[in-house]
Amino acid sequence: MYCVETHFTVLCFILYQKFVGINKDLMALKIDTVMRNKYPFKLRAREKCDKNINNIDFNRDILQTLAAGHSMANFVEQIKVKHRLAREAVKNLNDFFGVQLGLSMCSLCLFSMFDLYYHIRGIMNPTKSNILIYGWILQYSVRFGSITILAHLTSKQALKSKTLITDICNRYLDNNTKEEIQLFLNQICSCAIEFTACDFFTLNTHLITSAIAAASTYLVILLQFN
């Protein structure tokens, strides 16, 4: 279980970085589009850019290349391919780790419930086992939270691309760029970008809140019957 969870988190973090890089490229395209729409003269646009976007995280190399006269449609096509490959990687991770993650999530919840039961019912020696039980519950929670939170952040970065593309599409663009942006947007809207465990439940922050609510209910029931 440790090896599977560690392998998944490492691959998921790599995908997270890929989506962050894609969003930086899209942010550069968005900034260039806004500048061209608001300030037709490139020199004035560059001055406004230096003043207003210093705190924004984006790929400055793309912005410089676009300012040199390169076609935006080519960059959109390249980013579209990167995003498609990243989406396929998400699908492959779901197919490869779905069963293992489903069993792992269920096992972590069951182990935590058994530890709570042993602690509350006093089956174990309370003078020696309190710290041990708390330690086990803590490491179960850390493993559960690291998987779900990292998967949620990766999915959030993937969906952030949709928002950036929509903002770019709403601006004035040439026909070739508009067509590439529309194809890109249709591809993202046509597929679900999320991590699941055997398609039974989605790995996101809602799963954590559900687990906390279930654990609270279970704890109240144990205290009533103790």
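Asker: Sorry if this is basic, but what is going on with the overall build of the protein here?
Answerer: Each helix and strand in the protein was counted, giving seven helices and two strands. In the protein, the succession of helices and strands from N to C terminus is α-α-α-α-α-α-β-β-α. For the protein, the proportion of its 226 residues judged to be buried stands at 38%. Across the protein, the fraction of contacts at a sequence separation of at least 24, relative to all contacts at a separation of at least 6, is 81%. Carbon and sulfur atoms provide 61% of the accessible area of the protein, an area that totals close to 13500 Å².

Asker: Honestly, the side chain of Thr177 in this entry has me stumped. Any pointers?
Answerer: Along the chain, Thr177 turns up in helix α6 (residues 175–189). Ignoring sequence-local partners within four residues, the contact set of Thr177 consists of Met72, Ala73 and Val76.

Asker: Would you take a moment to explain the pattern of salt bridges for this structure?
Answerer: If the charged atoms of two oppositely charged side chains come close together, the side chains can form a pair. By the definition in use, this model includes six salt bridges. The shortest N-O distance in the salt bridge between Glu88 and Arg84 comes to 3.2 Å. Of this pair, Glu88 and Arg84 are both found in helix α4 (residues 72–121), four residues apart, which corresponds to roughly one turn of the helix. The exposure class assigned to Glu88 is partly exposed, which follows from its relative accessible area of 38%. Here Arg84 falls in the partly exposed class, since its relative accessible area comes to 34%. Linking Asp95 and Lys91 is a salt bridge whose minimum nitrogen-to-oxygen distance equals 3.2 Å. Here Asp95 pairs with Lys91, and both are found in helix α4, just four residues apart, close to one helical turn.

Asker: Even after reading the chapter, I still don't get the confidence of the model for the protein, so can you show me in this structure?
Answerer: The predicted coordinates of low-pLDDT regions are not to be read in fine detail. Averaged over all residues, the pLDDT of the protein is 81; the fraction at 70 or higher stands at 85%. In the model of the protein, helix α2 (residues 42–52) stands out as the element of lowest mean pLDDT, 50, in contrast to helix α1 (residues 2–38), which has the highest, 88.

Asker: Looking at this model, I keep getting lost on the layout of surface pockets. Mind explaining?
Answerer: One way to see where empty space is left: roll a probe the size of a water molecule over the atoms. Volume-wise, the largest pocket comes out at about 410 Å³. As for the largest pocket, its lining consists of 17 residues, and the residues nearest its centre are Ser112, Ser141, Ala211, Ile212 and Ala215. Secondary-structure elements contributing two or more residues to the lining of the largest pocket are α4, α5 (126–169) and α7 (205–225). Ranked by residues supplied to the lining of the largest pocket, first place goes to α7 with seven residues. Along the lines of polarity and charge, the residues of the lining of the largest pocket split into 12 nonpolar, five polar and no charged.

Cut-offs and rules
- Residues numbered from 1 in each chain as written.
- Predicted model: local features only at pLDDT ≥ 70, side-chain atom pairs only at ≥ 80, totals over all residues.
- Heavy atoms only, no water.
- Helix = DSSP H or I, 4+ residues; strand = E, 2+ residues; numbered from the N terminus.
- Buried < 20%, exposed > 50% of the residue type's maximum accessible area, 1.4 Å probe, protein only.
- Contact = heavy atoms within 4.5 Å.
- Areas by Shrake-Rupley, 256 points an atom, 1.4 Å probe, with all protein chains shown as cover.
- Salt bridge = Lys/Arg side-chain N within 4 Å of Asp/Glu carboxyl O.
- pLDDT = per-residue confidence, 0-100.
- 1 Å grid on protein atoms, 1.4 Å probe; cavity = no way out; pocket = protein on both sides within 12 Å on 5 of 7 lines; lining within 4 Å.
- Points joined across faces, edges and corners; volume = space filled by probe spheres on them.
- Nonpolar A, V, L, I, M, F, W, Y, C, P; charged D, E, K, R; others polar.

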